[in-house]
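# Coordinate inspection notes
Single-letter residue listing:
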Amino acid sequence: MADRPNVLVLVFDTLRADALSCDDAAFPVETRAFDEVAARGTVFENAFAVGPWTPASHGAMFSGKYPAATGFDGSWPTMPESVPLLAEWFADRGYRTYGIPGPAKMGSATGLDRGFESYYEVYERIAERPSLEYLRQVATDPLVRRDFLRLVGRGNDYYTEIKFEKLREWLADAPEPFFAVANLTTVHAPYDPPRPYKRDLTPDLSRPRLGLLEELLDSPCSYDDPAVDDERLFAAADGAGAQRIALRYRDDPNYLSAAELDVLRRWYAASLRYLDDRLGAFLDWFERAGLGENTVVVLTSDHGELFGEHDALYHGNFLYDEVTRVPLVFAGPGVPRGERRTDLASHIDLFATLCDRCGLDEPETEGSSLFGDRRRRAVFAAEAPSDLGDVDAASEVAADTVREFELGRRSVRTEEYRFERRSDGTERLYELPGEEVVDDPDESIVAELRERVDDALGATFDDAGTEADADLSPGIERNLRELGYLE
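What counts as what
- Residues numbered from 1 in each chain as written.
- Predicted model: local features only at pLDDT ≥ 70, side-chain atom pairs only at ≥ 80, totals over all residues.
- Heavy atoms only, no water.
- Helix = DSSP H or I, 4+ residues; strand = E, 2+ residues; numbered from the N terminus.
- Rg over C-alpha atoms; globule rule 2.2 N^0.38 Å.
- Buried < 20%, exposed > 50% of the residue type's maximum accessible area, 1.4 Å probe, protein only.
- Contact = heavy atoms within 4.5 Å.
- Areas by Shrake-Rupley, 256 points an atom, 1.4 Å probe, with all protein chains shown as cover.
- Pairing = 2+ DSSP bridges.
- Patch = residues over 30% accessible without salt bridge, like charges linked within 9 Å, V, L, I, M, F, W, Y side chains within 5 Å.
- Salt bridge = Lys/Arg side-chain N within 4 Å of Asp/Glu carboxyl O.
- Lys, Arg positive; Asp, Glu negative; His and termini not counted.
- Charge placed at Lys NZ, Arg CZ, Asp CG, Glu CD.
- Core = buried A, V, L, I, M, F, W, Y, C linked by side-chain atoms within 4.5 Å.

Looking only at helices and strands, the protein features 18 helices and 18 strands. Taking 23 Å as the expected radius of gyration for a compact globule of 487 residues, we find that the protein reaches 22 Å, a close match to that expectation. In terms of overall dimensions, the protein has C-alpha extents of about 60 × 60 × 45 Å along its principal axes. A buried classification covers 60% of the 487 residues belonging to the protein. Sequence-distant contacts, at least 24 apart, represent 70% of the contacts inside the protein between residues at least 6 apart. Total accessible area computed for the protein in this model is approximately 19,000 Å², and 45% of it derives from carbon and sulfur atoms.

Among the 7 residues of strand β5 (residues 178-184), 7 are classified as buried, and the element is accordingly described as predominantly covered. Because side chains alternate across β5, one face comprises the buried residues F178, A180, A182 and L184, and the other comprises F179, V181 and N183, equally buried. Sheet topology note: the strand β1 (residues 6-12)/β5 ladder contains 6 bridges and is parallel. Residue V7 lies in a different strand from β5, and its bridge partner there is F179. Strand direction decides the pairing type here: strand β3 (residues 96-100) and β5, joined by 5 bridges, are parallel. Within the sheet, the bridge partner assigned to I100 lies in β5 and is A182.

It is worth spelling out the side chain of K105 at this point. Assignment of secondary structure puts K105 in the loop between β3 and β4 (118-119). Once residues lying within four places of it in the same chain are set aside, the contact partners of K105 are W53, T54, P55, S75, W76, T110, E467, L480 and Y485.

Our next topic: a negative patch on the surface. On the surface, a cluster of negative charge is contributed by E415, E416, E431 and E436. With respect to the helices and strands, the residue E431 is situated in strand β17 (residues 427-431). Judged by its relative accessible area of 42%, E431 falls in the partly exposed class.

With respect to the helices and strands, F179 occurs in strand β5. Sequence separation between F179 and F234 is 55 residues, and the spatial gap between their C-alpha atoms is 39 Å. Contacts of F179, omitting those with residues within four sequence positions, involve V7, L86, A87, F90, Y95, R96, T97, Y98, F116, W170 and L354.

Quick look at the nonpolar core now. If you look at the biggest cluster of nonpolar residues, it comprises 100 residues, and the most contacted ones within it are L167 and F282. The element contributing the most residues to this core is helix α13 (residues 258-288), with 15 residues. When sequence neighbours within four positions are dropped, the list of residues in contact with L167 reads L8, L10, Y98, I100, A180, A182 and F282.

Listed below in structure tokens is the structure:
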């Protein structure tokens, strides 16, 4: 056993905190693997991301700093080399390091791979499915061949098992102490888990007997419910046109029916059930390999997802709790067992907390150890201004809707209020819970919260990087299109 504990951070992309059965259980699924880790560790029930999507959130987790301090904001940022990152910090102190990014927005092109000995970017390593190059890989690479057999029989699992296999492969030979991070996009749109998960939660779904046919045919599935429009439902579940669909829904909440939204929530829950099963299998292996006793395990997500709440869909544009509140569980050596903490916590605190639990010194960050004496009175989140000029639907909806999506936002959340400053000079005060707008707010409350936002995140909105600023590889471009970030 190493003198210092290992660290394993698993980030479940797009996972809402209230989707877990150890939380509010607001979705129809039991998450036994998550619950087991929560029972033997500490759960932070009011943990928040610092942004509504992958880049800002991972930048904050990896640096312990807000986007205003690092400039790591917008849809395609680059992390300055002057900012110490988690993997780099642990590597310099004798840890072996390994990373598996989810979306390319946290890939090596953004600089977040710094400090990892190996960064397995599946979208660069595995060819597009189906393609001749992919079939060549099927013939020569056992890992890809197993993925192909899963695809043929049970359907696409969006690299979930490949990532767990790669993680097991590295951990089996890694000398201790190690520091490993993996992001899994299983519950990110497309909401499309393998058989039988999707059918179990929506028996009205008809799909081909072979999963491969869903990859090859244009319209292989149907949904037997008169309240559901198949074309609209499957387009929304696919997520490839997420920004277009989100714009249209914000402009007209009747764009998707209540029945269609319910199906989307069920398919998201089905994806989570599949993820929980695969997580359980991985953790069983982890314990059998003798790694559990001396490893600090962290389960979290980078952001949540909207399913019609506040007349909004998906993530990336708004700072509502459904998007920013995230699961956060610590378990392992030095972590209190069976505790549930209700005080506010932030991803900004991850860096300091891991250093604290591992007995390491820490760089100057904007967070603090969650197991120290300090308790947060507020959490902060930000979203950079954007330009939707390349989104087709921007010309088909009201100009006010487009402007609302393009606004930059900076937010402070206390236990009573969430206050938001916007790049057009407007402000909103929301009362919690429920985030109802306060129409005639007390100016003394607004002034205090405004000062907090400015102190933590700055008072100005700067232009942020976009994909247009980068030379994207084919693998990255394919990944961004599949996840709905490019039209």
